[in-house]
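Residue strings, one per chain:
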Amino acid sequence: QVQLVESGGGLVQAGGSLRLSCAASGRISSLNAMGWFRQAPGKQRELVATITSGGTTNYADSVKGRFTISRDNAKTTVFLQMNSLKPEDTDVYYCNLRTVTIARDYWGRGTQVTVSS
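We now turn to the structure provided with this report. As the structure is a computational prediction, the values presented were derived from the model and not from experiment.

So, how was this worked out
- Sequence order sets the numbering: in each chain, residues are counted from 1 along the sequence as written.
- In view of the model being predicted, local features appear only for residues whose pLDDT reaches at least 70, and side-chain atom pairs are presented and counted only at 80 or more, with totals across whole chains, interfaces and linings using the full set of residues.
- Note: side-chain values were computed over all heavy atoms of the structure, leaving out hydrogens and water.
- Secondary structure is summarised from DSSP: a helix means a run of H or I of at least four residues, a strand means a run of E of at least two, and numbering begins at the N terminus for each.
- Each radius of gyration is computed over the set of C-alpha atoms, and the globule rule expresses the reference value as 2.2 Å times the number of residues to the power 0.38.
- Note on definitions: a residue-residue contact is assigned when non-hydrogen atoms from the two residues lie within 4.5 Å.
- Here the accessible surface of atoms and residues is derived via Shrake-Rupley with a 1.4 Å probe, and residues count as covered only by protein chains that are part of the display.
- Lys and Arg are tallied as positive, Asp and Glu as negative. Neither His nor the chain termini are counted.
- For charged residues, the charge sits on one atom: NZ in Lys, CZ in Arg, CG in Asp, CD in Glu.
- Residue exposure (1.4 Å probe, protein chains only): buried if accessible area is under 20% of the type maximum, exposed if over 50%, otherwise partly exposed.
- In the sections that follow, a salt bridge refers to a side-chain nitrogen of Lys or Arg positioned within 4 Å of a carboxyl oxygen of Asp or Glu.
- N or O atoms within 3.5 Å of each other form a polar contact, as long as, within protein, one can give a hydrogen and the other can take it, and as long as residues adjacent in sequence are counted only when both atoms are side-chain atoms.
- Residues grouped as a nonpolar core are buried Ala, Val, Leu, Ile, Met, Phe, Trp, Tyr and Cys residues, joined through side-chain atoms within 4.5 Å.

With that settled, consider the overall build of the chain. If you tally the helices and strands in the chain, you get 0 helices and 11 strands. Its helices and strands in sequence order give the chain the pattern β-β-β-β-β-β-β-β-β-β-β, from N to C terminus. In terms of overall dimensions, the chain is globule-like: its C-alpha atoms have a radius of gyration of 14 Å, near the 13 Å expected for 117 residues. Principal-axis analysis of the C-alpha atoms gives the chain an extent of 45 × 25 × 20 Å. Nonlocal contacts in the chain, meaning residues at least 24 apart in sequence, comprise 52% of its contacts between residues at least 6 apart. In the structure as shown, the chain presents an accessible area of about 6,500 Å², 48% of it carried by carbon and sulfur atoms. For the chain, the centre of its 13 positive side-chain charges and the centre of its 8 negative side-chain charges are spaced 6 Å apart.

Below, the structure written as structure tokens:
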């Protein structure tokens, strides 16, 4: 089984920065994608950014130019550097790992990000 643990959430002012981290443990295929999703109460979970084990990235339009996703393949850890934060970025952020060889999603429990105006 795979477990994901997020960290780095918190409260910041608009224009500030946060860096989220997510460490995966367990038996994990080298072929995978990791990423971040966010969800507010009553709303659908939406993609923020993803990165494959090969380094290919994908970003939501709303965060392009402000957020940067990266990963450490040796540690199966993904990071999300969030700059120029806006109040609308306030959400619970969830870490995701998706395997390729046997399609399956794993999720962290989420970390709260709050941006004040």
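Residue placement: arginine 71 occurs in strand S7 (residues 67–72). Despite being buried, arginine 71 has no salt bridge partner; aspartate 72 is the closest side chain of opposite charge, sitting 7.8 Å away. Polar side-chain contacts of arginine 71 include one of 2.8 Å to the side chain of asparagine 32. Within polar-contact distance, the side chain of arginine 71 engages the backbone oxygen of isoleucine 51 at 3.2 Å. When near neighbours in sequence (up to four residues on either side) are disregarded, arginine 71 contacts Asn32, Ala33, Met34, Ile51, Thr52, Ser53, Thr77, Val78 and Phe79.

Within the largest apolar cluster, 27 residues are counted, with the highest numbers of intra-cluster contacts made by Leu4, Trp36, Leu80, Met82 and Tyr93. Those elements giving two or more residues to this core turn out to be strand S1 (2–7), strand S3 (18–26), strand S4 (32–39), strand S5 (46–52), S7, strand S8 (77–82), strand S9 (91–99) and strand S11 (111–116). In terms of residue count, the dominant contributor to this core is S3 (4 residues). Sequence-distant contacts of tyrosine 93, that is, excluding residues within four places in its chain, are made with Glu6, Leu20, Trp36, Phe37, Arg38, Val48, Phe67, Leu80, Met82, Gly110, Thr111 and Val113.

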